[in-house]
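# Remarks on the overall topology
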Amino acid sequence: GFRVVSERRIALVAVDSQWRDPKGTFYSFSYAVEKLRASLRSAPDLADAEILVLDLRSGDPEEYFERVAAFRPTLVGLSTYIWSLEVFAGLTERLRRFDPRIVLCAGGPAARRSVLDLAPHRALRDRLDAVITGEGEDVIRSLAREHLEPGWQKRVAGLELPGHGLWRSSPPADRPDIEAFPSPYQIDIAPLRKTGYVETFRGCPIHCAFCQWGEQKSDRVHSTEYLVRHLEGLRRSEALNVFFLDAAFNLSPRAFRALVAAEAQVGALKDTVVHGHLYPTYLKEEHLT
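From a predicted model like this one, the values you see are computed outputs, not experimental measurements.

Cut-offs and rules
- Residues numbered from 1 in each chain as written.
- Predicted model: local features only at pLDDT ≥ 70, side-chain atom pairs only at ≥ 80, totals over all residues.
- Heavy atoms only, no water.
- Helix = DSSP H or I, 4+ residues; strand = E, 2+ residues; numbered from the N terminus.
- Expected span 1.5 Å × (residues − 1).
- Buried < 20%, exposed > 50% of the residue type's maximum accessible area, 1.4 Å probe, protein only.
- Contact = heavy atoms within 4.5 Å.
- Pairing = 2+ DSSP bridges.
- Axes fitted to C-alpha atoms, helices over the stretch in contact; angles between N-to-C directions.
- Salt bridge = Lys/Arg side-chain N within 4 Å of Asp/Glu carboxyl O.

### Describing helix 3 (residues 85–98)
When the terminal C-alpha atoms of helix 3 are compared, their 20 Å separation across 14 residues agrees well with the 20 Å that a helix rising 1.5 Å per residue should span. Within the span of helix 3, buried status applies to Leu85, Val87, Phe88, Gly90, Leu91, Thr92, Arg94, Leu95 and Arg96. As for helix 3, its buried residues are in contact with strand 1 (9–15), helix 2 (61–71), strand 3 (75–79), strand 4 (103–107), helix 4 (113–116) and helix 5 (122–127).

Okay, here's the thing in structure tokens:
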């Protein structure tokens, strides 16, 4: 029989990208799952939740299963990209046999109907309890609070419910205030001595036909104060270099001004290699000085 589990045990699972830059200077980790862990860790009413972050550079679903099964989760969140779909298909198949009570939820760029309804991915779709198609920080908190109780699918906003291809939706979720959720650097849970990550605004104002980033408005910007705390934590993590997650440095003037002001206070970026993007059409003198 199954061990009776009453406590909340949440596994956040990612497949680290196999890509490595030729110079060997990019030391990636899943910032997405670390951001979700930070959201859970910073919620006072979830202090009792046990959290496992599993971020492996492996294509073997058995390796993931052994680690997840040993943790005995009640909720598994899958950070889903194109390169992780096959791994998660094997992992969810094993988890369903191991304990069908585990709530399986997928989020991330590839966690959407247009992908999961494709023939190669329908088996994965049919093993999922829910899909988060939007931003996850607030939704993961709601899932952590509700998933052990019957009828949680109706109470947690922002979910798509696959139902063997007969998709339903839970109530829509409000767009989260990005200032309301700490970064993993601010609360010192980010991995040490890796490539560091910075987000100054969310979304993209450019709506290119080939890209889904522009589905989000870019009107949510981190304040100077938020970025000061982030950069201070980034420095404490001894980041080896820094990668910006923004669509580009120069697509949000407010975000760029906040970043410049925060860096003037902290000085975390001046002595490290910084990777990011610039959109040539909107390049101004202030971006080059």
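### Overview of the sheet that holds strand 12 (residues 274–275)
Strand order in this open sheet of three strands is 8-11-12, and the pairing throughout is parallel. Every interior strand has two partners, whereas the edge strands, strand 8 (195–198) and strand 12, have only one. With two bridges joining them, strand 11 (residues 241–244) and strand 12 adopt parallel strand pairing. Paired with Val242 across the strands is Val274, a residue of strand 12. In the packing of helix 8 (residues 224–236) onto the sheet, contacts are made with strand 8 and strand 11, and the angle to strand 8 comes to roughly 175 degrees.

### Considerations on the pattern of salt bridges
Between side chains of opposite charge, pairing is possible as soon as their charged atoms come close. In the structure shown here, the tally under the stated rule is 21 salt bridges. The closest approach of N and O atoms between Lys270 and Asp271, which form a salt bridge, is 3.0 Å. On the accessibility criterion, Lys270 (60% relative accessible area) is exposed. Under the relative-accessibility criterion, Asp271 is labelled exposed at 70%.

### Notes on the environment of Ser17
Inspection of the secondary structure assignment puts Ser17 in the loop between strand 1 and helix 1 (31–41). Overall, the relative accessible area of 22% leaves Ser17 in the partly exposed class. Expressed as a C-alpha distance, the spacing of Ser17 and Leu231, which sit 214 residues apart in the sequence, is 25 Å. Residues contacting Ser17, with those up to four places away along its chain left out, are Arg57 and Trp83.

Keep in mind these numbers describe shape, not what the thing actually does.
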